Amino acid sequence: TPALSIRGLTKVYGNGFHALKGIDLDVQQGDFFALLGPNGAGKSTTLGVVCSLVQKSAGQISIFGIDTDRDFARAKYHLGVVPQEFNFNQFEKVIDIVLAQAGYYGMSRSEALPRAKRLLGDLGLWDKRDGSARMLSGGMKRRLMIARALMHRPKLLILDEPTAGVDIELRRSMWEYLRRINREEGTTIILTTHYLEEAESLCRNVAIINHGEIIRNTSVRALLTEL
Ligand code: ADP
Ligand code: ADP
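Since this is a predicted model, take the numbers as computed values, not measurements.

What counts as what
- Residues numbered from 1 in each chain as written.
- Chains lettered and ligands numbered in written order.
- Predicted model: local features only at pLDDT ≥ 70, side-chain atom pairs only at ≥ 80, totals over all residues.
- Heavy atoms only, no water.
- Phe/Tyr/Trp six-rings, centres within 6.5 Å; stacked < 30°, edge-to-face > 60°.
- Helix = DSSP H or I, 4+ residues; strand = E, 2+ residues; numbered from the N terminus.
- Buried < 20%, exposed > 50% of the residue type's maximum accessible area, 1.4 Å probe, protein only.
- Lys NZ or Arg CZ within 6 Å of the ring centre and 35° of its normal.
- 1 Å grid on protein atoms, 1.4 Å probe; cavity = no way out; pocket = protein on both sides within 12 Å on 5 of 7 lines; lining within 4 Å.
- Points joined across faces, edges and corners; volume = space filled by probe spheres on them.
- Nonpolar A, V, L, I, M, F, W, Y, C, P; charged D, E, K, R; others polar.
- Pairing = 2+ DSSP bridges.
- Axes fitted to C-alpha atoms, helices over the stretch in contact; angles between N-to-C directions.
- Expected span 1.5 Å × (residues − 1).
- Arc of directions from axis to C-beta.
- Contact = heavy atoms within 4.5 Å.
- Polar contact = N/O pair within 3.5 Å; in protein donor to acceptor, adjacent residues only side chain to side chain.
- Salt bridge = Lys/Arg side-chain N within 4 Å of Asp/Glu carboxyl O.

## What about the packing of aromatic side chains?
Working definition: an aromatic ring pair is given by the centre-to-centre distance plus the angle between the planes.
So, point 1. Evaluation of the coordinates by the stated rule reveals two aromatic pairs.
So, point 2. Taking the centre distance of 5.3 Å and the plane angle of 90 degrees together, the rings of Tyr-77 and Tyr-105 count as edge-to-face. Taken together, the residues span a long stretch of sequence, with Tyr-77 in the loop between α2 (68-75) and β6 (79-82) and Tyr-105 in the loop between α3 (94-104) and α4 (109-122) at a distance of 28 residues.
So, point 3. Overall, Tyr-105 belongs to the buried group, its relative accessible area being 17%.
So, point 4. Over the ring of Tyr-195 we find Arg-171; its NZ or CZ atom is 4.7 Å from the centre of that ring.

## Observations regarding empty space enclosed by the protein
The method is simple in principle: a probe with the dimensions of a water molecule rolls over the atoms, and the space it marks as empty is what remains.
So, point 1. Applying the stated criterion across every chain, the model contains one cavity of 30 Å³ or more.
So, point 2. When its volume is computed, the largest cavity comes out at roughly 40 Å³.
So, point 3. Along its surface, the largest cavity is lined by Arg-118, Leu-119, Asp-122, Tyr-177, Arg-180, Ile-181, Glu-184 and Glu-185.
So, point 4. Elements represented by at least two residues in the lining of the largest cavity include exactly α4 and α6 (168-184).
So, point 5. Element by element, the count of residues in the lining of the largest cavity is highest for α6, at four residues.
So, point 6. When grouped by side-chain class, the residues that make up the lining of the largest cavity number three nonpolar, no polar and five charged.

## Here we look at the sheet that holds strand β7 (residues 156-160)
So, point 1. The six strands lie next to each other as β6-β7-β8-β3-β9-β10, forming an open sheet whose pairing is mixed. This sheet does not close on itself; its edge strands, each paired only once, are β6 and β10 (213-219). Each neighbouring strand pair of the sheet contributes to a mean axis angle of 15 degrees, computed without reference to strand direction.
So, point 2. In this sheet, strand β8 (residues 188-193) lies alongside strand β3 (residues 32-36) in parallel orientation, the contact comprising five bridges. Residue Leu-36 lies in a different strand from β8, and its bridge partner there is Thr-193.

## Things to note about unusual backbone geometry
So, point 1. One non-glycine residue, Phe-64, lies in the positive phi region at around 50 degrees.
So, point 2. Tracing the chain through its elements places Phe-64 in the loop between β4 (58-63) and β5 (66-67).
So, point 3. A relative accessible area of 12% means that Phe-64 is categorised as buried.
So, point 4. At Glu-161, a residue that is not glycine, the phi angle is positive and equals roughly 45 degrees.

## Description of α6
So, point 1. The end-to-end C-alpha distance of α6 is 24 Å, a good match for the 24 Å that 17 residues give at a rise of 1.5 Å each.
So, point 2. Within the span of α6, buried status applies to Leu-170, Arg-171, Met-174, Trp-175, Tyr-177, Leu-178, Ile-181 and Asn-182. Buried residues in α6, looked at end-on, bunch into an arc of 165 degrees, giving them a common side. Exposed side of α6, more than 90 degrees from the buried face: Glu-169, Arg-183 and Glu-184 are the residues found there.
So, point 3. Residues of α6 that are buried in the fold lie against β3, α4, α5 (138-150), β7, β8 and α7 (196-202).
So, point 4. If you check the start of α6, you find a side-chain oxygen 3.1 Å away from the backbone N of Glu-169, and it comes from Asp-167.
So, point 5. Taken from the residues just after α6, Gly-186 is the one with a positive phi, measuring 70 degrees.

## Observations regarding the pattern of salt bridges
So, point 1. One pass over the structure, following the stated rule, counts 13 salt bridges.
So, point 2. Here Arg-7 ties to Asp-26 by a salt bridge, and the two come within 2.8 Å at their closest N and O atoms. Residue Arg-7 is found in strand β1 (residues 4-12), and its partner Asp-26 is found in strand β2 (residues 18-27); the two are separated by 19 residues along the sequence.
So, point 3. Assessed through its relative accessible area of 36%, Arg-7 is described here as partly exposed.

All quantities given are derived from atomic positions and should not be read as evidence of function.
Here it is as structure tokens:
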């Protein structure tokens, strides 16, 4: 079973704009996958639909074989999401933000606390845990969203432009961290990016999207030999 399977996905926004024009995509379990394309191509829309934040107009999506129309409640347990916009309450404490997430997914406090310590520690945020999130730098906020998304041990991690606006040093350390969880925990990772370099240095497979259509779907290695 693929981690993610998309068939005939179409999105027409309320203003009549056709953002996705019948997308087919499979991402295999354990893959590190990039959805690569210029601004406005439809990357966020695709992820939004997969995460059920955006309503699709037509098509089918399954997550580890679970049809999201039939049972999104079950599919979402497999899914960790790092959106592009900061979407946590900036006035909450860092530790409370990640623990609340664990609560939503039914983890006990005794399970959640060591998990939070591990994730915040690995992401360099453990000594910030009792401060409010608004005190964090932009890069730290992004890492906080990664820690939060991983709390319930999702098998599929989806990140929308994870390193946009992040400086080069932090970008490299985020890349290293994502590689590690893909390798060590077997987490399937899908990210969107408009940097070829990011897809190239991180991902095994890539789909190129433009004007709401997938125009290539291949291995990064094969793509690079063509350039
Ligand atoms: P839907 O068809 O999914 O309900 P809408 O067209 O109603 O989506 O728009 C949802 C929100 O996105 C609205 O707040 C709208 O102002 C905003 N929006 C509209 N056009 C754009 C755009 N081109 N890019 C980003 N957001 C937009
Ligand atoms: P990307 O993530 O690749 O930059 P998006 O999925 O955000 O692209 O947007 C794809 C296209 O859909 C863009 O042209 C954008 O302006 C348009 N769009 C996004 N959201 C809305 C919306 N709510 N209403 C109308 N158009 C939208």
